[in-house]
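What the coordinates show
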Amino acid sequence: MIAEILADTTARMDRAVEAAKDDFATVRTGRANPQLFQKILVDYYGSPTPLAQLASLNTPEARTLVVTPYDKSALKAIEQAIRDMPNLGVNPTNDGNLIRVTMPELTADRRKEYVKLVRSKGEDAKVHLRGIRRKAKDELDALKSEVGEDDLVRAEKELDVVTRGHVDEIDEALKRKEAELLEV
């Protein structure tokens, strides 16, 4: 029973770390990156649809991203969704067949602002990990009558090791993203 709780907790923490890394990828750096556009929802015939389902995304140059819609009638809606996306600061150009998005150079102030944003996302991810840990600890405490005290203490130590490893993983991803943001 303890092993199941720890395995489930580890799997949930792994998913939380992956979600945090995906979230970090949506914060833009000086380069064009298709992952920046993963969370853009386009109003396609009245329903919000992820951009990746409506168009292909290519990066022909370091600071340029080309969006080629599968359905040309969605061109205006895609352009508007990109323009309205917060924290991107881009102005897409539409030539009737595709949309070109040129990423402007980041100023020092903007870079610092993005670092703060990434740190905030990292802290949110750590809070989520601690929530997962708390739930697992409650589940372990509920087993107190069924298993011995030594097993519980051992399981809690293992839970702390797992949690620490996942927090370190988020810290490492955060450090890499900060270095990427501050790189000129």
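So, here's what we can say about the structure. Quick caveat, the model's predicted, so the values are computed rather than measured.

Here the focus is the packing of aromatic side chains. What the rule picks out here adds up to one aromatic pair. Between Y44 and Y45, the aromatic rings sit 4.7 Å apart at their centres with planes inclined by 65°, giving edge-to-face as the arrangement. Using a relative accessible area of 66% as the deciding quantity, one classes Y45 as exposed.

Looking now at the sheet that holds strand β3 (residues 55–61). Spatially, the four strands line up as an open sheet ordered β3-β4-β6-β5, and their pairing is antiparallel. Each end of this open sheet is capped by a strand with a single partner; those strands are β3 and β5 (93–94).

This brings us to the pattern of salt bridges. Applying the stated criterion across every chain, the model contains 14 salt bridges. The partner of D171 in a salt bridge is K126, with the nearest N and O atoms 2.6 Å apart. Separated by 45 residues along the polypeptide, D171 in helix α5 (residues 149–182) and K126 in helix α4 (residues 108–142) bring together distant segments of the chain. Measuring nitrogen to oxygen at the nearest pair gives 3.4 Å for the salt bridge that ties K137 to D141.

This part is about helix α3 (residues 75–84). Listed in full, the buried residues belonging to α3 are L75, I78, E79, A81 and I82. Mapping the buried residues of α3 onto a view down its axis gives an arc of 165°, with all of them on the same face. Of the exposed residues in α3, those oriented more than 90 degrees away from the buried face are K76 and D84. Next to the buried residues of α3 lie β1 (41–44), α2 (51–54), β3, β4 (64–69), β5 and β6 (99–102).

Cut-offs applied
Residues numbered from 1 in each chain as written. Predicted model: local features only at pLDDT ≥ 70, side-chain atom pairs only at ≥ 80, totals over all residues. Heavy atoms only, no water. Phe/Tyr/Trp six-rings, centres within 6.5 Å; stacked < 30°, edge-to-face > 60°. Buried < 20%, exposed > 50% of the residue type's maximum accessible area, 1.4 Å probe, protein only. Pairing = 2+ DSSP bridges. Helix = DSSP H or I, 4+ residues; strand = E, 2+ residues; numbered from the N terminus. Salt bridge = Lys/Arg side-chain N within 4 Å of Asp/Glu carboxyl O. Arc of directions from axis to C-beta. Contact = heavy atoms within 4.5 Å.

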